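What follows is the residue order along each chain.
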Amino acid sequence: MEITVLYRDNETIHFLVEGIDVAFANALRRTMLTKLPAMAIDEVLIIENTSVMYDEILAQRLGLVPLVTDLESYNLPEECDCEGKGCSLCQCTLTLEKEAGDEDLIIYSGDLSSQDPKVVPATNGIPLVKLAPGQSIILEAYAKLGTGQENAKFQPVSTVAYKYVPIVTVDTSKCDACGACVDVCPKKIFLLDDGTISTQNTLDCTLCDLCVNSCEPGAITIDSKEDTFLFKVESTGALPPEVIVEKTAELLKEKVRQALDFASSL
Amino acid sequence: MIIPVRCFTCGKVVGDKYEKFQEAIRQGEDPAAVLDRLGLHRYCCRRMLLSHIDIIDSFMAYSKVETPEANQ
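Residues numbered from 1 in each chain as written. Chains lettered and ligands numbered in written order. Predicted model: local features only at pLDDT ≥ 70, side-chain atom pairs only at ≥ 80, totals over all residues. Heavy atoms only, no water.

Before going further, it helps to spend a moment on the overall build of chain A. Along the backbone of chain A there are five helices and twelve strands. Relative to a compact globule of 266 residues, whose C-alpha radius of gyration would be 18 Å, chain A shows 25 Å and is clearly more extended. Along the first, second and third principal axes, the C-alpha atoms of chain A reach 75 × 65 × 25 Å. Burial analysis of chain A (266 residues in total) assigns 40% to the buried set. Intrachain contacts of chain A at a sequence separation of at least 6 include 72% that bridge at least 24 residues. Of the roughly 13900 Å² of accessible surface on chain A, 50% is carried by carbon and sulfur atoms. Averaging the positions of the 21 positive and the 42 negative side-chain charges in chain A gives two centres separated by 3 Å. (Helix = DSSP H or I, 4+ residues; strand = E, 2+ residues; numbered from the N terminus. Rg over C-alpha atoms; globule rule 2.2 N^0.38 Å. Buried < 20%, exposed > 50% of the residue type's maximum accessible area, 1.4 Å probe, protein only. Contact = heavy atoms within 4.5 Å. Areas by Shrake-Rupley, 256 points an atom, 1.4 Å probe, with all protein chains shown as cover. Lys, Arg positive; Asp, Glu negative; His and termini not counted. Charge placed at Lys NZ, Arg CZ, Asp CG, Glu CD.)

Here it is in structure tokens:
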């Protein structure tokens, strides 16, 4: 298996994996979505809420705020020594106390103050609620680790997608350089230059076959590599994208080991 | 009521981008270009901002603030 990172920034990573099959690629994707834990607010104690927003909606919005996750210092509540009651090893408290003065006040995710300086909202600019003059909010929120299997708010990724790597070939003996494929391709893969068709950025190809249909039979063929996948992983900000991929690989390895142990015990 | 925190379909955080989007639109920029710049490339996330109507301000106009004088 060979991995090539094509692009990475703070929240996304694109990489090529060679030498795997669809089953493995999909296992990797599904593990990222449902098995990799991340922090999210799970319980909210509302002490005062005179805003126009119902407590339930406010609590739901708080739950969706991605929190920077520290996987090393926190346990999953069901694996914790406190048996899920909530101790400092599996729970983090965030508080919010705001009152609007004479003007409207927007409460942002950044206004949440956390007990643990490492567990903070991944972005500070999410508006949670707007207060009219004189309204106030006092609440306590408890964040815990959870998995996407339990609730989508715990997913550390917003999207994980993979696709086959496209192979675009132009048969120059059959191509009459009409340029129809250049116009029809939504990803601008073909270039018409001096009466010959060349290709660029073939990784962007969506395998839509529009070029094949617009062309002489056999002049353009779109195929895909069977054992190479292009992954696009987009983090919510809870974990850095490369950590997501690494941790997922570890989790998957552990699950396979468990399955093998079970199989050999039969 | 207020901009949703995340995209309904894919789960990307869109809440923090709404104010920047509104500001840029007010300056007369092209919505498509602004959405691209904000990193919203999928149409599920784009519709979250494009089709949103903030009505919390209309609610706030009718909100009642409980003051000690009012309770007496």
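Resuming the write-up.
Helix and strand counts for chain B stand at five helices and zero strands. Listing every helix and strand of chain B by position from the N terminus yields α-α-α-α-α. The burial tally for chain B puts 40% of its 72 residues in the buried class. Long-range contacts, defined as pairs at least 24 residues apart, comprise 54% of the intrachain contacts of chain B with a sequence gap of at least 6. In the structure as shown, chain B presents an accessible area of about 4500 Å², 55% of it carried by carbon and sulfur atoms.

This brings us to the sheet that holds strand 8 (residues 136-146) of chain A. Residue and element names in this part refer to chain A. Pairing is antiparallel across the open sheet formed by four strands, whose spatial order is 3-8-4-6. Among the strands making up the open sheet, the edge pair consists of strand 3 (38-49) and strand 6 (113-114). Here two bridges tie strand 4 (residues 91-99) to strand 6, and the two strands are oriented antiparallel to one another. Within strand 6, the position partnered with threonine 95 by the bridge is serine 113. On the sheet, helix 2 (residues 55-64) packs against strand 3 and strand 8 and is oriented at approximately 150 degrees with respect to strand 3. (Pairing = 2+ DSSP bridges. Axes fitted to C-alpha atoms, helices over the stretch in contact; angles between N-to-C directions.)

We now examine the pattern of salt bridges. Scanning all chains against the criterion turns up 16 salt bridges over all chains. Between A:Lys153 and A:Asp42 there is a salt bridge, with the nearest N and O atoms lying 3.0 Å from each other. Within this pair, whereas A:Lys153 is found in the loop between strand 8 and strand 9 (157-170), its partner A:Asp42 is found in strand 3, the two being separated by 111 residues in sequence. Residue classification places A:Lys153 among the buried positions, given a relative accessible area of 13%. A:Lys144 serves as the salt-bridge partner of A:Glu150, at 3.4 Å between the closest nitrogen and oxygen. Owing to a relative accessible area of 47%, A:Glu150 belongs among the partly exposed residues under this scheme. With relative accessibility at 15%, the residue A:Lys144 sits in the buried group. Sharing partners across several salt bridges, the network here consists of A:Glu11, A:Glu234, B:Lys12 and B:Arg42. (Salt bridge = Lys/Arg side-chain N within 4 Å of Asp/Glu carboxyl O.)

A few words now on the pairing of strand 1 (residues 2-8) of chain A. Residues and elements named next belong to chain A. Here strand 1 runs beside strand 2 (residues 12-18); their pairing, made up of six bridges, is antiparallel. Pairing of glutamate 2 across the sheet is with glutamate 18, part of strand 2. Where strand 1 folds back on strand 2, the antiparallel hairpin that results is connected by three residues.

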